[in-house]
Amino acid sequence: MERTPHSGRRTVGLTAGFAAAAAVLCAGALTAPAHADSTLGQLAAAKGLYFGSATDNPHLSDTAYKQILSSEFGQLTVGNTMKWQYTEPSQGRFDYEQADAIVALAEANGQTVRGHTLVWHNQLPDWVAAVPADRLPGVMRDHITDEVTHFRNRVVHWDVVNEAFEEDGSRRQTVFQQKIGNGYIAEAFKAARAADPNVKLYYNDYNIEGVGPKSDAVYEMVKSFKQQGVPIDGVGMQAHLILGQVPATMQRNIQRFADLGVDVAVTELDIRMDLPRTEAKDTQQAGDYSAVVKACLAVSRCVGITVWDFSDRQSWVPSVFPGQGAALPYDENYAKKPAYHAIAAALGGTGGPSPTPGTGTCSASYRVTSQWQGGFTAEVTVRNTSSGPLGGWAVTWTFPDGQRIANLWNGEATTTGSSVRVRNAGYNGALGAGASTSFGFLGSSAGAGRVPSDIACDRP
Ligand code: G3I
């Protein structure tokens with residue numbers, strides 16, 4: 001597979017759910033395990049995509065932060081200081097000093113840069129709202145021209161227009177929408193293309209990760225841009241997600257945009273939870289991150305993933321959603337969370353150091369959580385039944401009635417005929433005395449999803 005940060009990956013796309021599941025189950029047999037010390041950026045690059053992080057200027061004075069930012073990621077997004085408020089604070093006075101500092105850091109580290117963002121209703125200086133309607137198109141064009149020209153050959157993607165739609169798919173009534181009208185988005189893309197013929201031009205928004213009214217509206221816009229020759233290269237799905245709510249349609253949605261002839265990037269990924277963190281929430285979050293990475297990996301035109309900063313210490317979430325947070329793969333002290341190891345595992349890494357097996361004992365309970373004609377989902381809870389720590393576990397059972405696993409999360413499955421063995425993932429093997437964790441799967445079944453009678457848990 002070849003790494004092409006500017007455009008769609010050249011790879012054989014896995015589009016069918018069962019093909020993807022089969023690849024997951026057979027991965028160990030097909031690919032050599034990546035070195036345990038590979039960074040997320042390196043693991044992603046080996047799969048033909050980038051894995052990056054947003055950052056902001058004030059964070060760079062923290063040495064520990066800067067060290068991780070510089071070494072772990074293949075791509076950086078300038079989280080604030082490329083926005084209009086910073087780059088053209090008064091009309092015609094352009095200031096790129098802070099953005100330049102982040103771009104220079106990325107260049108020194110060999111990281112690519114996503115430019116964020118040229119036209120957005122937020123972090124817009126007051127003077128723009130006061131521009132008369134007949135002059136606003138020219139003002140918008142001048143802003144885009146100056147900024148895109150300044151960063152020519154230094155950024156690989158531009159988020160040209162950000163968050164222009166409401167949840168119901170109608171246009172957000174921004175100053176640009178109200179004064180210029182529906183055509184402002186196309187005009188912005190044309191201005192960006194005129195300023196740089198090579199940079200990839202993206203439309204970027206949140207809550208467009210799954211199929212729904214908002215992503216439908218963006219889909220129709222991209223389709224019409226392609227028909228009319230408006231220069232658009234990609235769609236950025238921000239992916240500010242909520243624990244346990246990764247849209248089931250995410251892979252299908254990425255695929256339908258790709259089928260229009262544009263790239264897709266996951267541009268601002270974080271997965272927030274109600275505080276405080278617990279082991280169970282961390283495990284759920286790890287599975288959620290894994291699901292997002294797998295959805296992107298399954299579509300060849302999904303070119304990369306960016307987390308919206310990497311550590312809970314810098315996350316924007318708690319200040320906007322009081323009582324929520326812990327949304328990122330590193331904790332507030334820069335320790336890697338289960339989410340980090342799940343991302344690494346989904347990208348083909350080892351999923352972290354294998355825990356030592358310990359001496360404990362465990363139990364497993366199997367529950368069918370939903371079923372329908374031909375399919376079911378099940379959840380297996382693993383509990384450390386000893387008074388000491390358990391370093392890893394393996395659950396075995398035999399499927400009745402020709403059932404089989406289509407897709408499994410939070411564990412690693414091997415199957416031989418109807419016999420199944422699921423061992424812990426790299427991030428959920430260690431269980432304290434009395435603690436529990438769970439894994440789940442989507443199954444196919446000829447009859448009802450009956451509970452196996454021989455489920456057992458042991459150390460691996
Ligand atoms: O720079 C000032 C500082 O001088 C002042 O002391 C401080 C006091 O609050 O505010 C600082 O500005 C803050 C700025 O971030 C830089 O830290 C603003 O108040 C704050 O509102 C701003 O928040 C940013 C937010 O966009 C604005 O909407 C977040 O950092 C940034 O992460 C966030 O990013 C957005 C993406 O651009 C688009 N998608 C959603 C995403 C999350 O909201």
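Residues numbered from 1 in each chain as written. Predicted model: local features only at pLDDT ≥ 70, side-chain atom pairs only at ≥ 80, totals over all residues. Heavy atoms only, no water.

## A short note on the overall build of the protein chain
Where we set the bar: By definition, any uninterrupted DSSP run of H or I lasting at least four residues is a helix, any uninterrupted run of E lasting at least two residues is a strand, and each is numbered from the N terminus. Atoms counted for the radius of gyration: C-alpha only. Globule rule: 2.2 Å times the number of residues to the power 0.38. Burial classes: relative accessible area under 20% of the type maximum marks a residue as buried, over 50% as exposed, and values in between as partly exposed (1.4 Å probe, protein chains only). Any two residues whose heavy atoms approach within 4.5 Å at even a single point are treated as in contact. Accessible surface is estimated by sampling points in the Shrake-Rupley manner with a 1.4 Å probe; for residues, cover comes only from the protein chains shown. The sign given to each residue is positive for Lys and Arg and negative for Asp and Glu; His and the chain ends receive no count. Taken as the charge location is NZ of Lys, CZ of Arg, CG of Asp or CD of Glu.
Each helix and strand in the protein chain was counted, giving 14 helices and 18 strands. Taking 2.2 N^0.38 as the reference for a compact globule, 460 residues should give roughly 23 Å; the C-alpha atoms of the protein chain span a radius of gyration of 23 Å, in line with that estimate. Structurally, the protein chain occupies a C-alpha span of about 75 × 50 × 40 Å along its principal axes. Taken over 460 residues, the protein chain has a buried fraction of 54%. Within the protein chain, contacts between residues separated by at least 24 positions form 76% of all contacts whose residues are at least 6 apart in sequence. As displayed, the protein chain offers around 18500 Å² of accessible surface, 51% of which is attributable to carbon and sulfur atoms. Each charge class in the protein chain was averaged separately, 38 positive and 44 negative side chains, and the resulting centres sit 5 Å apart.

## A closer look at empty space enclosed by the protein
For clarity, the threshold we go by: Residues are called lining when one of their atoms sits within 4 Å of a cavity or pocket point, these points coming from a 1 Å grid over the protein atoms alone, where a cavity is a set in which a 1.4 Å probe fits but cannot get out and a pocket is an open set with protein on both sides within 12 Å along at least five of seven lines. Grid points are joined across faces, edges and corners, and a volume is the space filled by probe spheres set on the points. The classification used treats Ala, Val, Leu, Ile, Met, Phe, Trp, Tyr, Cys and Pro as nonpolar, Asp, Glu, Lys and Arg as charged, and all other residues, Gly among them, as polar.
Under the counting rule described, the total for this entry stands at one cavity of 30 Å³ or more. Lining the largest cavity are Lys83, Trp84, Thr117, Leu118, Val119, Trp120, Asn122 and Gln123. Among the elements that take part in the lining of the largest cavity, strand S3 (residues 112-119) stands out by supplying three residues, more than any other. When grouped by side-chain class, the residues that make up the lining of the largest cavity number four nonpolar, three polar and one charged.

## Let's talk about the site of the ligand
To be explicit about the condition: Throughout, near means a residue has at least one heavy atom within 4 Å of the molecule or strand. Any N or O atom pair separated by 3.5 Å or less is treated as a polar contact, with the protein-specific requirement of one donor-capable and one acceptor-capable atom, and with residues adjacent in sequence counted only for side-chain atom pairs.
Asn80, Lys83, His116, Glu268 and Trp308 are the nearest of the 15 residues found near the ligand. Glu163 is positioned such that a nitrogen or oxygen atom in its side chain is 2.9 Å from a nitrogen atom of the ligand. Gln238 has a polar side-chain atom sitting 3.1 Å from a nitrogen atom of the ligand. Contact with the protein chains hides 48% of the accessible area of the ligand, taken as 780 Å² for the molecule alone. Considered class by class, the residues forming the shell around the ligand number four nonpolar, seven polar and four charged.

## Regarding a nonpolar patch on the surface
For clarity, the cut-off: Patch building starts from residues that exceed 30% relative accessible area and form no salt bridge, then joins like charges within 9 Å and nonpolar side chains (Val, Leu, Ile, Met, Phe, Trp, Tyr) within 5 Å. The term salt bridge refers to a side-chain nitrogen of Lys or Arg lying within 4 Å of a carboxyl oxygen of Asp or Glu.
Together, Trp372, Trp409 and Leu442 make up a nonpolar patch on the protein surface, roughly 290 Å² of accessible area in all. Relative to the helices and strands, Leu442 is located in strand S17 (residues 436-444). The exposure class of Leu442 is partly exposed, given its relative accessible area of 30%.

## Things to note about helix H12 (residues 279-297)
Along an α-helix, a turn takes 3.6 residues, which lines up residues three or four apart on a common side. Applicable threshold: Under the convention used throughout, the expected extent of a helix is 1.5 Å for every residue step, that is, one less than its residue count.
Given a rise of 1.5 Å per residue, 19 residues ought to cover 27 Å, and the 27 Å separating the end C-alpha atoms of H12 matches this to within 8%. Listed as buried for H12 are Asp282, Thr283, Gln285, Ala286, Gly287, Asp288, Tyr289, Ser290, Val292, Val293, Ala295 and Cys296. Close packing links the buried residues of H12 with strand S7 (240-242), helix H11 (250-258), strand S8 (263-274), strand S9 (302-307), helix H14 (338-346) and S17.

## A closer look at the sheet that holds strand S14 (residues 404-409)
Just so we agree on the cut-off: When DSSP finds two or more bridges between a pair of strands, those strands are recorded as paired. For helices, the fitted line uses only the C-alpha atoms of the stretch in contact; every axis is such a line through C-alpha atoms, and the angle between N-to-C directions lies from 0 to 180 degrees.
Here we have four strands laid out as an open sheet, ordered S11-S12-S17-S14, and antiparallel in their pairing. Strands at the two margins of the open sheet, each flanked by one partner only, are strand S11 (362-372) and S14. The mean inter-strand angle of the sheet, taken between neighbouring strand axes irrespective of direction, is 25 degrees.

## Let's talk about the layout of surface pockets
In this structure, the second largest pocket spans a volume of roughly 740 Å³. Taken together, 40 residues form the lining of the second largest pocket, with Glu163, Gln238, His240, Glu268 and Trp316 sitting closest to its centre. Among the elements of the structure, strand S1 (50-55), helix H10 (213-228), S7 and S8 are those that each provide at least two residues to the lining of the second largest pocket.

## Thoughts on the side chain of Asn428
With respect to the helices and strands, the residue Asn428 is situated in the loop between strand S16 (419-423) and S17. On the basis of relative accessibility, which here comes to 3%, the residue Asn428 falls in the buried class. A polar atom in the side chain of Asn428 sits 2.9 Å from the backbone nitrogen of Ala425. Setting aside anything within four residues of it in sequence, one finds Asn428 in contact with Thr283, Trp393, Asn410, Thr437 and Ser438.

## Looking at the sheet that holds strand S18 (residues 456-458)
Backbone-to-backbone hydrogen bonds join strands into a sheet, with any given pair of strands oriented parallel or antiparallel. Strand order across the open sheet formed by four strands is S15-S16-S13-S18, with antiparallel pairing between neighbours. The open sheet has two edge strands with one neighbour each: strand S15 (412-416) and S18. Sheet twist, expressed as the mean angle between neighbouring strand axes with direction ignored, is 20 degrees. Judged from the five bridges that link them, S15 and S16 form a sheet pairing that is antiparallel.

These results come straight from atomic positions and should not be treated as a statement about function.
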